[in-house]
Amino acid sequence: MAKFAQVIVDVPTMQTNRPFDYQIPTLWQAQLKPGMRVVVPFGKGKRRVQGFVIAISDEASFQGQLKPIIQVLDLQPVLNTELLALAKWLATRTFAFQISCMQTMLPSVMKASYVKKVQLVAGAPAAAKALFHGHSQLDVADLGSAELKQVLALQRQHLVTVSYQVHDRAKVKTVKAVQPLCSQAAYVAMAKKIPANAKRQHQLLDFLSQHATAKKPLPLPQITAATGLTLTHMHTGEQKGWLKVVALETYRDPYAKLAQVPRTQPLTLTAEQRTAVAQITAASEQQQAKTFLIEGVTGSGKTEIYLQTIQSAIAAGKTALMLVPEIALTPQMVTRVKGRFGQRVAVLHSGLSQGERYDEWRRIERGEAQVVVGARSAVFAPLTKIGLIVMDEEHETSYKQDDMPRYHARDVALWRARYHHCPVVLGSATPSLESRARAQKGVYQLIRLKKRANQQPLPEVTVVDMKNELKKTKESNFSSLMLQALRQRLVHKEQSVLMLNRRGFSSFVMCRDCGFVLKCPNCDISLTLHMDTHTMKCHYCGHEEPIPQICPNCHSRKIRYYGTGTQKVESELKQLLPQARVLRMDVDTTRRKGAYGKILHQFGQRQADILLGTQMIAKGLDFPEVTLVGVLNADTALGLPDFRASERTFQLLTQVSGRAGRAAKKGEVIIQTYNPEHYAIRLARHHDYEGFYKREMTLRHQGGYPPYYFTILLTASHPEENEAAKKIFQLMNQIKPALSPQAILLGPTPRAIARVNRRYYYQMVIKYKREPKLESVLAQIMQENQARNGIQIAIDREPLSFI
DNA sequence: AGCACGCCGACT
DNA sequence: GTCGGCGTGCTC
């Protein structure tokens, strides 16, 4: 009999990043399985923590007194064999804790919440009682530092006892339901014995007799809606033995409104699309873990390829996973997939409440949904028998998580595909250089879609040199060509989209007399002006303070706001085109939940002529009436000290250009820039991805950057600057001997924003092609540098940004 | 992480 | 002399 369990405990440190053995109480020996959550005692006190069982055995390897498992939280494993193995791989691959990996794979409600309470011992002195303010127990988390000290003192005197509670926040939503208990004839007979004036009872018996044959309990809300009978009436019925009130499990349905999405039929494919579908379907049927890269301009019909290949996967009894960037997970997108697959689709994205997310997860886990659509973390969806994994907009940076575990959803997708022997389809109009290069080498199979499915020509792109324009129009954000085009749209009652590229700068406050810039007291960066809250905010730590009226440095009143924000452009636009109705979309106007969708809806309903926004308008919007797309400043990102700056700019311009002329009307794109000759802008103008790819690869080769090199970013941080610096140099000295002469070390350097949240950051980058010893040295570094004496170490494999 | 153990300064 | 500060090590 399996008596021992190996458990990964919820204590995210390097020293506890391994299984601990526990005794399984006899009661649970038959049912406990790997992948279930448990509550276990951990440490010398009475501390209790949540843990995941990863294995069960007849013998324990630990030579010592084993503690028993306190509680089993699941009836069925929440992590299956595949996901347990994936968690282990992910932990090693990203240098993260196994527990963190397991937690990111599951809905957040499955992570326990902990409560620590103290209660007075019987006969404690009055002085001790005073602290409790008449309460029988205190939650330690609510205590201030002074109170905490006093409690600690009481603890030493054994005047209080401590207790720990582990709460499972995963709650199944239920509705009350009614189960008839008697036969129809019996109900009719009973009705005769009830006084005629007991109207409600007659009504209930009438209802019950009609549903006496119901096998399943009937949900109360529906009964109430139909008859007006409430829970009180049901309780009466229950007392009389007519029926039973039960709790029925239900799902919170975030897409209840979409339940009746009309079903759509597969579209007719172009020759290019047909070939693509055939190749992918064949790989799926033959269980080949092949990776396809679809390179296709906007409008080339990638989505239809995804839908039809998914269709054939589920027709073959398999399941499918479709990953989409968070920003593209719009109701439009969801409707499109639901329209094809109906109730078989589960949607996972950040807009869901924790409970909704948990319910979608359960639907997948129970096999009730065969198609999963979701953003980054949906890559961990508990699907079995996966026949196809799709990743749309595969170049999107949001697929990489920027805290522990720092994983890239693409890597996870490839791992799962290997496990399930199924193909992966990566799709983009502007693939990442990494993926495109792999396709070049034959690691991925390249599928190029050169034609647009709707036969529309790509929009005409005009580049305006703002250097010349500046001389003509003073300091305007609008070139004369742009203004003229906007006016024309107003006359023709067509819509325009204007994008302000805010990557690479923000609006800050500077004194015009002494040049003083207001900075965050915690971080070494300037504070950003937020007109919505009338405060200055730090984008890194969240620090907030009032807008200064007088320069703190020279007391001048000429402290003003600098930089181009959407608000500033909006007011300029109102001056130049007073008759235009403008909708602004940026972080400020979309902060509130649902605001994003609301703005898009308004624009879709033609309640505005111009949609002005930041990068977020570049992705996935589909408005047929938009005939003009303007980019106000194409090159702000080009100045960044980031080797991917050109790639980002090219991708952004190509994407935003694709927003113009999506339907019958021809589209026009105007790009304003100070660098009209820059290749990223020149090639984006001609929609020339392949040209950009070749050009950029040459530069990456010369600079020794990905995809020619693998990269690892190592960061050390400490509240004292010299401690962080000392550590990073020590780490460099530790790593260097393990590397071959071909490896390149950059740095160590202080990070561009050296101080964040009262900590100083130093970093170094390792560029390499093949370093067999590197993994183990890095693992060792993580092991040795336990978060002690204030030092924190982070390893980021293939970082998306070095700055 | 959180807890106990253990070794040094300032107090009854 | 002890109380209590936080540096160090361990948790099945």
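Our subject is the structure that appears above.
A quick note: this is a predicted structure, and the numbers were derived from the prediction, not measured.

About the thresholds
Residues numbered from 1 in each chain as written. Chains lettered and ligands numbered in written order. Predicted model: local features only at pLDDT ≥ 70, side-chain atom pairs only at ≥ 80, totals over all residues. Heavy atoms only, no water. Pairing = 2+ DSSP bridges. Helix = DSSP H or I, 4+ residues; strand = E, 2+ residues; numbered from the N terminus. Axes fitted to C-alpha atoms, helices over the stretch in contact; angles between N-to-C directions. Phe/Tyr/Trp six-rings, centres within 6.5 Å; stacked < 30°, edge-to-face > 60°. Lys NZ or Arg CZ within 6 Å of the ring centre and 35° of its normal. Contact = heavy atoms within 4.5 Å. Buried < 20%, exposed > 50% of the residue type's maximum accessible area, 1.4 Å probe, protein only.

Participant: Any chance you could explain the sheet that holds strand β20 (residues 495–499) here in plain terms?
Facilitator: Hydrogen bonds between backbone groups are what pair the strands of a sheet, and the pairing can be parallel or antiparallel. If you walk across this open sheet you meet the 6 strands as β19-β29-β28-β20-β27-β26, and the pairing is parallel. At either end of the open sheet lies a strand with only one pairing partner, and these are β19 (460–465) and β26 (582–585). For this sheet, the mean angle separating the axes of adjacent strands, direction not counted, is 15 degrees. As judged from the 4 bridges shared by β26 and strand β27 (residues 610–613), these two strands associate in the parallel manner.

Participant: Sorry, what's going on with the packing of aromatic side chains here?
Facilitator: For any two aromatic rings, the description comes down to two numbers: the centre-to-centre distance and the angle of the planes. In this structure the tally under the stated criterion is 10 aromatic pairs. Plain terms: the ring middles of F20 and F42 are 5.0 Å apart, the flat faces sit at 85 degrees to each other, and that makes the pair edge-to-face. A residue pair is termed long-range when its members are at least 10 positions apart, and F20 in strand β2 (residues 20–23) and F42 in the loop between β3 (37–41) and β4 (48–57) qualify at 22 residues. Aromatic rings pair up to connect F650, Y679, Y689, F692 and Y693 into one cluster. Over the ring of Y705 we find K767; its NZ or CZ atom is 4.2 Å from the centre of that ring. Directly above the aromatic system of Y709 lies the positively charged group of K769, at a separation of 4.9 Å from the ring centroid.

Participant: Just checking my understanding: could you explain the sheet that holds strand β9 (residues 174–180) for this structure?
Facilitator: A sheet is described by the order of its strands in space; here 3 strands give the open sequence β10-β9-β11, paired in antiparallel fashion. Each of the sheet's edge strands pairs with one partner strand only, and the pair in question is β10 (218–219) and β11 (243–249). Sheet analysis places β9 next to β11, joined by 7 bridges and oriented antiparallel. Note that in β11 the partner of P180 across the bridge is L243. Contacts between helix α9 (residues 231–239) and the sheet are confined to β9 and β11, with β11 contributing the most and set at about 130 degrees to the helix.

Participant: What's the story with the side chain of T711 in this structure? I'm lost.
Facilitator: Following the sequence through the fold, T711 ends up in strand β30 (residues 710–718). For T711, a relative accessible area of 0% translates into the label buried. With residues up to four places along the chain from it excluded, the contact list for T711 reads P706, I766, K767, Y768, D796, R797, E798, P799 and F802.

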